[in-house]
Amino acid sequence: MTLTFEDFPPGHFGTFGPRRVTREEILAFAAEFDPQPMHLDEAAAAQSMLKGLSGSGWHLCSVMMRMMFDGFIGRTASLGSPGVNEVRWLVPLRPGDDLMLDVEIAEARVSRSRPSTGIVTFKCVIRNGAGQELCEMISPIIVERRPETAVGQAG
Amino acid sequence: MRFFEDIEIGQRRELGSFIFTAELIKKFAAQFDPQRFHLDEEEGRKSLFGGLAASGWHVGSVCMKLLVADGQREAREAAARGEEVAVWGPSPGFRDLRWIKPVLANDTIHFASEIETKRSSGKRPEWGILEVRNTGTNQRGEPVFSMLATGFVPRRNAV
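Here goes a summary of the coordinates provided. These numbers come from a predicted model, not from an experiment. (Residues numbered from 1 in each chain as written. Chains lettered and ligands numbered in written order. Predicted model: local features only at pLDDT ≥ 70, side-chain atom pairs only at ≥ 80, totals over all residues.)

### Quick look at the overall build of chain A
Counting its secondary structure elements, chain A contains five helices and six strands. Shown N-terminal to C-terminal, the secondary structure of chain A runs as helices and strands in the order β-α-α-α-α-β-β-β-β-β-α. When burial is assessed residue by residue, chain A has 36% of its 155 residues classed as buried. Across chain A, the fraction of contacts at a sequence separation of at least 24, relative to all contacts at a separation of at least 6, is 73%. (Helix = DSSP H or I, 4+ residues; strand = E, 2+ residues; numbered from the N terminus. Buried ≥ 20, exposed ≤ 12 C-beta atoms within 10 Å, placed from the backbone. Contact = placed C-beta atoms within 7 Å.)

### Brief notes about the overall build of chain B
Counting its secondary structure elements, chain B contains three helices and five strands. Sequence-ordered secondary structure for chain B, helices as α and strands as β, is β-α-α-α-β-β-β-β. A principal-axis box enclosing the C-alpha atoms of chain B has dimensions of 55 × 35 × 30 Å. When burial is assessed residue by residue, chain B has 37% of its 159 residues classed as buried. If you take every contact in chain B between residues at least 6 apart in sequence, the share linking residues at least 24 apart comes to 70%.

### Focus: the pairing of strand S5 (residues 143-154) of chain B
All names here are of chain B. Bridge count for strand S2 (residues 93-99) against S5 is five bridges, and the pairing is antiparallel. Its bridge partner being in S5, glycine 93 is matched across the sheet by threonine 150. If you look at the hairpin formed by strand S4 (residues 127-137) and S5, you'll find five residues sitting between the two strands, and glycine 141 has a positive phi there, around 80 degrees. (Pairing = 2+ DSSP bridges.)

### Details of the interface of chain B and chain A
For an interface, size is often stated in terms of accessible area lost upon the parts coming together. Counting residues at the interface gives 26 residues for chain B and 28 residues for chain A. Top element by residues in the side of chain B that touches chain A is helix H3 (residues 56-80) of chain B. It accounts for eight residues. Of the residues that constitute the side of chain B that touches chain A, the class distribution is 14 nonpolar, eight polar and four charged. In the sheet, strand S3 (residues 83-89) of chain A pairs with S2 of chain B via five bridges, with the strands oriented antiparallel. Across the sheet, the residue bridging to glycine 83 of chain A is arginine 98 of chain B, located in S2 of chain B. (Nonpolar A, V, L, I, M, F, W, Y, C, P; charged D, E, K, R; others polar.)

### Looking at the packing of helix H4 (residues 57-71) of chain A against H3 of chain B
Between H4 of chain A and H3 of chain B, the shortest axis-to-axis distance is 10 Å and the interhelical angle comes to 170 degrees. In terms of orientation, H4 of chain A and H3 of chain B fall into the roughly antiparallel class. Within the contact between the two elements, H4 of chain A uses Trp58, Cys61, Ser62 and Met65 of chain A and H3 of chain B uses Trp57, Gly60, Ser61 and Met64 of chain B. Looking at side-chain class alone, the contact of H4 of chain A with H3 of chain B contains five nonpolar, three polar and no charged residues. (Axes fitted to C-alpha atoms, helices over the stretch in contact; angles between N-to-C directions. Parallel < 35°, antiparallel > 145°, perpendicular 65-115°, else oblique.)

### Re the pairing of strand S4 (residues 98-110) of chain A
Residues and elements named next belong to chain A. Sheet topology places strand S1 (residues 11-20) next to S4; seven bridges connect them, and they run antiparallel. Within S4, the position partnered with histidine 12 by the bridge is glutamate 104. Sheet topology note: the S4/strand S5 (residues 117-127) ladder contains 10 bridges and is antiparallel. When the bridges of S5 are listed, alanine 108 appears paired with valine 120. As consecutive antiparallel partners, S4 and S5 are separated by six residues.

Pasting the structure below:
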């Protein structure tokens, strides 16, 4: 069944994962999008502020997107997102990390400009196997309302 | 790259352009964001985007790619002049990221980067903290992407 705006009331939504990120994935993403030594080269990474090979923050965000897709967006009447309020990279992504995604709904409101849709603001926290918070993201997604609800309110 | 002391608010770097081909859009989407409008032309046309659209995370990742390339270019130029090269630190995050308009198949996006704020780090005196506004503009001159990134930059006198 497709999830609509009504299925996203404020509060805790769900926990998804684990999703393992391998060294090969970290190196492949870094080579294509973020070829800084701290993401590509063990020796340089050991010298960096992050003290060891770490995944790109953009890789972590992209994996978070995939975990959201597999967890619920793949079966949600999603129309896309206008942006991201905030991303905080707190602890580096390491090769072999098993990621868990915790999703909370911070806000859900009907769109003024497009009343057949709602704007659901998600707060996502991604943790490694040791339970450390690696990344926090707050982002709205536009979701269709159930036709009967949208019509009922318009009438 | 530059040291904290060499950076002024308002300094702008043109990072170069990137063509988001249908093939690249679908490849990224298949791996990280397989929503139908990022994978299929017809689904894209039926969506709010009006065509096969790149994942927003793809657009952000390409911006990062061009930022890194620009930093490496700048470092090579500094090294060629015999200057000491600053190695920038990791980023603690970003805020106010806006996907202003869809990036559609075969759009050419030009990226630029402008220093918005700078301050010294309280916890790490050898580092400064910058906020940088990164933007993307399409071939029609329309802004499509904007974000305010935070980064650690080494201080010259700490080396």
